[in-house]
Amino acid sequence: MRFGKKLRNSVYPPWKGEYMDYAKLKGMLREDEDDPTWTEDDENRFCDETLNVQLEKVAAFQASTFKALEEKASKCGEKLRDLAPEEGAPKGDITTGRFKEIEDELDAITNEAKELKKYSNINYTGFLKIVKKHDRKRGNHYKIRPMVQLRLSKRPFNSEQSYAPLLNKLSMMYYVVRQQLDEGNEPTLASNSDAQSQTQNGERYTAYKFWVHMDNLLEVRTFILRRLPVLVYSEQSSKGIDSQGDPTLNSLYFDNPDFSLYNQKVDRQVDTSSIRIRWAGQLNSNPELIIEQKLIHENGTSEEKKFTLKEKYIQPFIKGEYKMEKSVQKMERQGLPAAKLEEFKSTVESCQKFILENDLQPVLRANYTRTAFQKPQDDKVRISIDTSLAFIREDSIDADRPCRNPENWHRLDIDNNAMEYPFPNINQGEISRFPYAVLEIKVKEDGSMKSPQWVQELMASHLVHKTPRFSKFIHGVATLFEDNVNNLPFWLSEVETDIRKEPQAAFEEEEARKAKKAEDELVVGSFLGTSKPSNSFKPAVSSPLGKSYMQERMAAEERAGRRADFGKGKAKDNTDGPGESSSSGDYGTLSSVFPSFSLSRYAQKRREKSIPLPPGVMKPTQLIKDSGPLQVEPKVWLANERTFLKWQHICFLLGAFAIILSNSAKHNKIALGMGITYLVVAVFAACWGFYMHRIRRDMIVARSGKDFDNMIGPMVVSFALMIALILNFFFKYQAAVEKFNEHDSNNSTSLLGNLPQNEYKLKVLATHNLHDSDYHVCFPEHAINIGSVPASACLIESTQKRLNIDKERKSRRPSTAHPSSKRRPPRSHSAHSPNSKHSSDRNKSSASRSSPSRSPQPRPIVTEWPPEGYTREGSLSQGKAMELICSGVPVFKGVKHAIPHVGEEFYNIYATSEGNGGAGSDRGAPFTKAFEANSFRLQGPELAAYPWETLEQPSLSFCYGTRPGTVTLNHWVGLSGAPNPPIELREPGVKPREVDLSTILERLIYLEGGFEEDYENLMYDNLYKKFLKDTDKYMNPHKAMEKQIADLIIVLSRHEWIDFSMPQNQVVAKFFANATYTDHGSYKVFFHQLLLSMELDFRIHSKHHAEWAKEKLLQQLPPCIAWDLALARKWRDCMSIERFKTGSDPEQIKFRLRAKKAQVKALRRFARAMKWPNLAKVDEVLKERDEEAKRLEDRSSDAMSYFTGMILPGVTLPWLIMNTLIDCDDDVSASGLAALTHMHPNSGFQYKGTTYWSSTSIVGKVLAPTCQEIGGWVGPVRPTPDLERIQIARIRQRRPKQFLVISDVTSMTERSDPLGPPAKDYPISEYQLLLPDTDDFVDTVRIETLALKAISATPPDIKDVGRPLAYDACVQFAIDGKSWPLRLTYDVSFISSTPCARGPHVLFFDYEYKAVPVADILTIRDWGGLNNRSRRGSSVGAGSGVGKEGKGSKEKIDPEEENDAERVLCVEAFGVGDNEVLARAWCAHWGLSAVVADVERTCMVCAIREAYAACVNVVILVKGENNDDER
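Bear in mind the structure is a predicted one, so any value in this text is a computation, not a measurement. Every chain is numbered independently, its residues counted from 1 as its sequence is written. The predicted nature of this model means local features are confined to residues of pLDDT at least 70 and side-chain atom pairs, given and counted, to a pLDDT of 80 or more, with totals for whole chains, interfaces and linings taken over all residues. The side-chain figures draw on all heavy atoms in the structure; neither hydrogens nor water molecules are used.

Draft legend 1. Region of the structure containing the overall build of the chain. When helices and strands are tallied, the chain shows 42 helices and 35 strands. Taking all 1527 residues of the chain together, 49% fall into the buried category. Contacts in the chain between residues far apart in sequence, at least 24 positions, make up 74% of those at least 6 positions apart. Summed over all atoms, the accessible surface of the chain reaches about 75,700 Å², with 51% contributed by carbon and sulfur. A helix here means a DSSP run of H or I that spans at least four residues, while a strand means a run of E at least two residues long, and both kinds are numbered starting from the N terminus. The classification of residues rests on relative accessible area computed with a 1.4 Å probe and restricted to protein chains. Under 20% of the type maximum is buried, over 50% is exposed, and intermediate values are partly exposed. In this description, contact between two residues means that some pair of their heavy atoms is separated by no more than 4.5 Å. Accessible surface area values rest on a Shrake-Rupley calculation with a 1.4 Å probe, where residue burial reflects the displayed protein chains alone.

Draft legend 2. Structural view of the nonpolar core. Residues enter a nonpolar core if they are buried and are Ala, Val, Leu, Ile, Met, Phe, Trp, Tyr or Cys, with the set joined through side-chain atoms within 4.5 Å. Within the largest apolar cluster, 74 residues are counted, with the highest numbers of intra-cluster contacts made by Leu106, Trp211, Tyr262, Leu364, Phe434, Val477 and Leu488. Looking at this core, the element that brings in the most residues is helix H4 (residues 96–138), giving 13 residues. Setting aside chain neighbours within four positions, we find phenylalanine 434 in contact with Trp211, Leu389, Phe391, Phe470, His475 and Val495. Residues Leu1090, Ala1126, Cys1134 and Met1135 belong to the second largest nonpolar core, which totals 61 residues.

Draft legend 3. Seen up close, the packing of aromatic side chains. Think of it this way: a Phe, Tyr or Trp ring, Trp meaning its six-membered ring, pairs with another when their centres are within 6.5 Å, and the plane angle makes it stacked under 30 degrees, edge-to-face over 60, tilted otherwise. On inspection of all chains with the given rule, the structure shows 51 aromatic pairs. In textbook terms, an aromatic cluster arises when at least three aromatic residues are bridged by ring pairs, as seen for Phe1060, Phe1071, Phe1072, Phe1086, Phe1087, Trp1131 and Phe1151. Counting as a charge over the ring demands two things of the Lys NZ or Arg CZ atom: a distance within 6 Å of the ring centre and an angle within 35 degrees of the ring normal. Over the aromatic face of phenylalanine 927 sits the side chain of arginine 1165, whose NZ or CZ is 4.4 Å from the ring centroid. One Lys or Arg, arginine 1480, reaches over the ring of phenylalanine 1390 and ends 5.0 Å from the middle of that ring.

Draft legend 4. Representation of the packing of helix H33 (residues 1156–1169) against helix H34 (residues 1175–1183). To obtain an axis, a line is fitted to C-alpha atoms, over the contacting stretch when the element is a helix, and the angle between two such axes runs from 0 to 180 degrees between their N-to-C directions. Orientation of H33 relative to H34, taken along the N-to-C sense of each, is 175°, at an axis distance of 11 Å. As far as their axial angle goes, H34 and H33 are roughly antiparallel. On H34, the residues touching Val1160, Leu1163, Arg1164, Ala1167 and Arg1168 of H33 are Leu1175, Asp1179, Leu1182 and Lys1183. For the contact of H33 with H34, the residue count by class is 5 nonpolar, no polar and 4 charged. For classification purposes, an angle smaller than 35 degrees is called roughly parallel, one larger than 145 roughly antiparallel, one from 65 to 115 roughly perpendicular, and anything else oblique. Residues were grouped as follows: Ala, Val, Leu, Ile, Met, Phe, Trp, Tyr, Cys and Pro as nonpolar; Asp, Glu, Lys and Arg as charged; and all remaining residues, including Gly, as polar.

Draft legend 5. Structural detail: the environment of isoleucine 1351. Counting through the fold element by element, isoleucine 1351 comes out in the loop between strand E26 (1341–1350) and strand E27 (1365–1375). Residues isoleucine 1351 and arginine 1292, 59 residues apart in the sequence, show an inter-C-alpha distance of 8.4 Å. When near neighbours in sequence (up to four residues on either side) are disregarded, isoleucine 1351 contacts Arg1292, Ala1366, Tyr1367 and Asp1368.

Draft legend 6. Local environment of the pairing of strand E28 (residues 1378–1383). Across 6 bridges, the pairing between E27 and E28 is antiparallel. Within the sheet, the bridge partner assigned to glutamine 1372 lies in E28 and is proline 1381. Two strands pair under a simple rule: DSSP has to find at least two bridges between them. Hairpin connection between E27 and E28: a loop of 2 residues separates the two successive antiparallel strands, and aspartate 1376 in this loop has a positive phi of roughly 55°.

Draft legend 7. Expanded view of a positive patch on the surface. The residues that make up patches have over 30% relative accessible area and no salt bridge, and they are joined within 9 Å when like-charged or within 5 Å when they are Val, Leu, Ile, Met, Phe, Trp or Tyr. Here, a salt bridge means any Lys or Arg side-chain nitrogen found within 4 Å of an Asp or Glu carboxyl oxygen. Charged-residue counts in this description rest on Lys and Arg as positive and Asp and Glu as negative, His and the chain ends being excluded. Here the site of a charge means atom NZ of a Lys, CZ of an Arg, CG of an Asp or CD of a Glu. Taken together, the side chains of Lys310, Lys312, Lys326, Lys330 and Arg333 define a basic patch exposed on the protein surface. Residue placement: arginine 333 occurs in helix H10 (residues 325–333). Judged by relative accessible area, arginine 333 falls into the exposed class, the value being 64%.

Draft legend 8. Spotlight on helix H18 (residues 634–663). Counted at 1.5 Å a residue, the expected span for H18 with its 30 residues is 44 Å, and the 43 Å between its end C-alpha atoms agrees. Buried residues of H18: Asn640, Phe644, Trp647, Cys651, Leu654, Gly655, Ala658 and Leu661, and no others. How far a helix is expected to stretch is found by multiplying one less than its residue total by 1.5 Å.

Draft legend 9. How the structure looks around the pattern of salt bridges. By the definition in use, this model includes 46 salt bridges. The closest approach of N and O atoms between arginine 1099 and glutamate 1095, which form a salt bridge, is 2.6 Å. Highlighted residues: arginine 1099 and glutamate 1095, both in helix H30 (residues 1082–1100), separated by 4 residues, approximately one helical turn. For the pair arginine 1099 and glutamate 1095, a shared accessibility class is recorded, and that class is buried. Lysine 1110 is the partner of glutamate 1107 in a salt bridge, and the nearest nitrogen-oxygen pair spans 2.9 Å. Taken as a pair, glutamate 1107 and lysine 1110 lie in helix H31 (residues 1107–1116) at a separation of 3 residues, close to a single helical turn. Residue class for glutamate 1107 comes out partly exposed when judged on its relative accessible area of 47%. Under the relative-accessibility criterion, lysine 1110 is labelled buried at 12%. In the salt-bridge network here, residues are joined through shared partners; they are Lys1156, Glu1184, Arg1191, Glu1193 and Asp1194.

Draft legend 10. Up close: a nonpolar patch on the surface. Nonpolar side chains collect at one region of the surface, where Met711, Met715, Phe719, Met722, Ile723, Ile726, Leu727, Phe730 and Phe731 lie side by side and expose about 880 Å² of accessible area between them. You can see methionine 715 is positioned in helix H20 (residues 712–751). Residue methionine 715 is classed as partly exposed on the basis of its relative accessible area of 35%.

Draft legend 11. A look at the confidence of the model for the chain. The predicted model of the chain averages 76 in pLDDT, with 74% of residues at 70 or higher. Each residue gets a pLDDT score, which is the predictor's confidence in that residue and runs from 0 to 100. Note that residues 541–609 has pLDDT below 50 and, in this model, 95 contacts with residues that lie over four places away or in other chains. Predicted confidence is poor over residues 1075–1079, with pLDDT under 50, and the contacts of this stretch with residues over four places away or in other chains come to 8 contacts.

Draft legend 12. Fine view of the environment of proline 503. Relative to the helices and strands, proline 503 is located in helix H15 (residues 503–525). It is 5.3 Å that separates the C-alpha atoms of proline 503 and histidine 462, two residues lying 41 residues apart in sequence.

Draft legend 13. Structural view of the environment of asparagine 484. Within the fold, asparagine 484 resides in the loop between helix H14 (472–480) and H15. The partly exposed category is assigned to asparagine 484, whose relative accessible area is 40%. Each C-alpha atom of the pair asparagine 484 and aspartate 258 lies 7.6 Å from the other, and the pair is 226 residues apart in sequence.

Structure below.
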């Protein structure tokens, strides 16, 4: 939020005219003008307005308001004094109503003081903001920020200490009033405003914080060293005096990009928290890392939660991937108490949940050297001094220029290079060095709440500067992220001032403060008629205020001493008056300030003791207090009655519970016994209540001074109930265990009665072994976590199903593991032919197997097969097979989603992968954030986590692969989906009103500031009186949110609107920035449709619209409405209307382009990365330094769409990028590229000797390995002689022959299972290890040229009309000195393989493959039989000696079982990029899509499995670094 808006929102209405005029000061800077002339007169006017007008106005108002509050507080004190009772008068004479009135007055003063503090804070921040803006915009010759900070530091209006006396006085008066009103919880006096209460390791401390000037640092240290020794941090440092210096500490603080934690701490919100990582020394020395969470409670106290964590687990912990499982297991092995273990788990869970829920990331590092002082084994006083304090940015908020790599939790440039203070290599904008030392004093709270005298002397001396509530985190964020926050701490201006003081001036200031505090205590305490001075203030002899106060204090001590001496031999009974003090020790305590309102009910009573009386003195028979008539206040009797009724209430509840339990017990002896026990306790409670009622009544009548409380009864009832509950739980648990054991034994016997005894023992033993190692064993149809349930339960649940599966497998498995045996169901032939039928039968047991990644421990890397300790004739158990074969392999799963409102013939299909051990995905990251606009998530602004969440289908968030020219498996599957047709709703009764353009634009401008969702009538009037017709306005007006949403959906589904789901309408800017479309009336229609879409979007996301209803509605919206909502969301994010004129001229509206700066930056990066031929001129145009030149966004509709950010999701983004780049090229000849459009996606162009191709064209897909792919474009590619110097080419490409059907998608997991079908055991001989030889690569393949042949059907005069020609593409290769042309005929796809972990893996024998070098693929024709079904695989069978055959493809295989469509051709295209281009060109020639696998990321086995999952027949194996992290 901009500060101007925050200031307007923070205005307190009664003081509206007293705030600083931020808008006026901003206008004086003329920020929107680029006029460089800023004269001395301008500077004088600005400084005079800022310092002499605005600052003086704010300071004067704050001072007068604060003085008025003090006067009101003094008047409240006078009223309290008037209400003080006369001596001897009972408290009942003080009226409660008067105290209530005083309490209301105190509430009003407190609220106004709080608003005044907010007023001071927001104005303080405003002055700092405006002078910073001045220095940045107009500060070439005049820098006024230091001067303003000095002036602010001299003004007390934002000082914390200036409010302390008033708050202390209000606190004491609150205390008096609330105690008189007999509130339930006794109030406590406010603690010192200069201190904070903290809780560490269960102990409470009071903390004081100060700044120390470097000139005074040595004196402060020597003063402390006389009283406390330096704390030794480690055993190494204790070996010698000079062995080690003070440690350097690092604190890494967390926050989110909105700095919500910072704002909460600055605003002192209730229950705020902060989190940091702390370590000592350099990180490369492996120090102990501590994660600390500090919680500040409502009462001002703070608490810390912390635990240690290894460096390698920090990043997974922050992301929520690691939950300290290993530490918990270690603590369990050590036998730590359960309470301590639960406390540790709670702390870890709390910290991680806090990080994830608030989207926290490291933003700030504090580096400092700490010297600590503390007595050994004595922590009453702890002092620390932090020097060499530096704050360093650790954020990655700016994605383009992050200070820290987002993939790391700390800055590697600092820690890897072991940088130390003063960090000279850090950029000045990323570091702030604190000029002073920070002193912190912690005093343990032991009840007395008093610090040692020497500590008080240090805190009151001139050597230190008080900074209450100083925080390193707050100060670091305020100094380094000032542009990101709108609230600054009060101490910020004091950093630039000199904090040193003259000793005498500091002494006089401290004495005056103490005297003022004592005076306030006397004023408040004297309302009872006592004027006993407070002992909290002890002025020194040299104090200028000490004379009169010392005389009064000495007189008071003398009187107290006389009373103490007089009472030494006298009886100390409870007959003393309430106004007397028992000893001089009460002087200065709270009871001396409020004698009649003590903290304890019996503080004024004294116990009677038997002491000998002097001779001749007799004990009186009747005391003076017992004489006279009995006068007892009614509330005393009522309190006794109320206590009696409470006891009877307890008796009734326990008795009713006991009777109900006994009646429902029937034959349950345990329940009957517990009912009787509860009944006995109820009877005791009734008797005890009656007995104590009578006893207390007698004590009241006898005027007894004994205590009224008695803990025997409550303790008896509590312990009896506790013991009864424990016994009840124990008996019920014992009975449940016995019943469970009996039931378990019966079920096991009945289930396994037919099994042989040795087989039964073997199964139980195997189950227990798996239980001990905590494996997840996957059975067909069920995934059972053996480590989380008893072994017997797992055995009962799975044994019968395993027996059935074993029988089924034995019936279809040959006796010997012959390679030709088929255990994996073949792929459906419909994957290759549109004429074949859908496959209907699938083995669901394999498809339902859980992910192999569930193995909790990573397996060792397999380098040989059989693995060590096994023979080829052996077999693997289920768990061992999961460990050795499935660990780290990706599992592929197909998903089908039905489309609402249409038939079953329309659907979307997707593919997901998981289980690869966190090795990554097959999806490439966007080149820049601006290029993420090609995808849109309707449910919210977050990026889509799954492909079915995006508006466009197939999803472009999951489109581009990690290698150039490749797509993801999901995109390949999505191409075979059946998208929905347009949906027509019924003819609506609701119709839009005829409205002029100015009304539409005014409403759009209004909606930029928000939506009137809290005002139902206004919301209805703005919609239906101006834009819609409500047919039920007289009978049942549509004021409900749901009805308005329905009306807007029906209206927007009418045919006259623009359908933005159609590709030809997705260049949005042409409807509001192009006069051609304006002439056809689309100009007004566009804004009208945009307005109704924004009205609908606001209502759908309104807080009055239920969340579940919103999610359901967004899933059911018709496509045209969903695209309208996307348009509205884009407009709100990227555009705003500054002003307009009435008329139809497209230039009448002036827009504000919010995203233009980011879009220009992204386009410049794109041009540099693609090596644009005219880069220098284009870069100069993008800088817009020529004021007379046309604005960038006005060059074309494509440029307007791109620079405004009004880019709808879908295929238009690449074309908008390239067309905008061409439009910004002032070369006249570049106009020949104007026909480039997304309506012809299979296109490219040649410009000044460089060729660029779209990634959707087959030429771009094939040639991508030789260059790079960015933003949907492949280039720069070598030129072709068949095109002119500047010319567009459209490539003719046929539809691919391979596509998927529903059965192929739903059986994807079964078809690519790494283990094969489920079995009792897995023979080792059925698997083989594939290790391609990456060093033996072909180096005789080179690309000669790209040939383009114009289609003969193209008219010869087509160039004259400016339309691009259509061509057939062909790539000419030179192989071993021979020329080989390959036509790029088919629009095939190249699928980027999913990475695997802990490879290489082993391949099940039923996966058939053939590996060949890339130079030999030209001898292979019609692979898979796509072009000639009768000769399927004939060339492969004839290719003896070419390549390496898999087990399933030997010559001896029965021809009836041989199916060439199942085999995968593995092309080894290692070496230069031309090899991969040859493999891709061969695929495009024959119409075969392929999986492209980098063997450094994906092993050969996983690539073959992915080919089976995708139903493709070719795998291209490459090796290299040509994986694009950015697309």
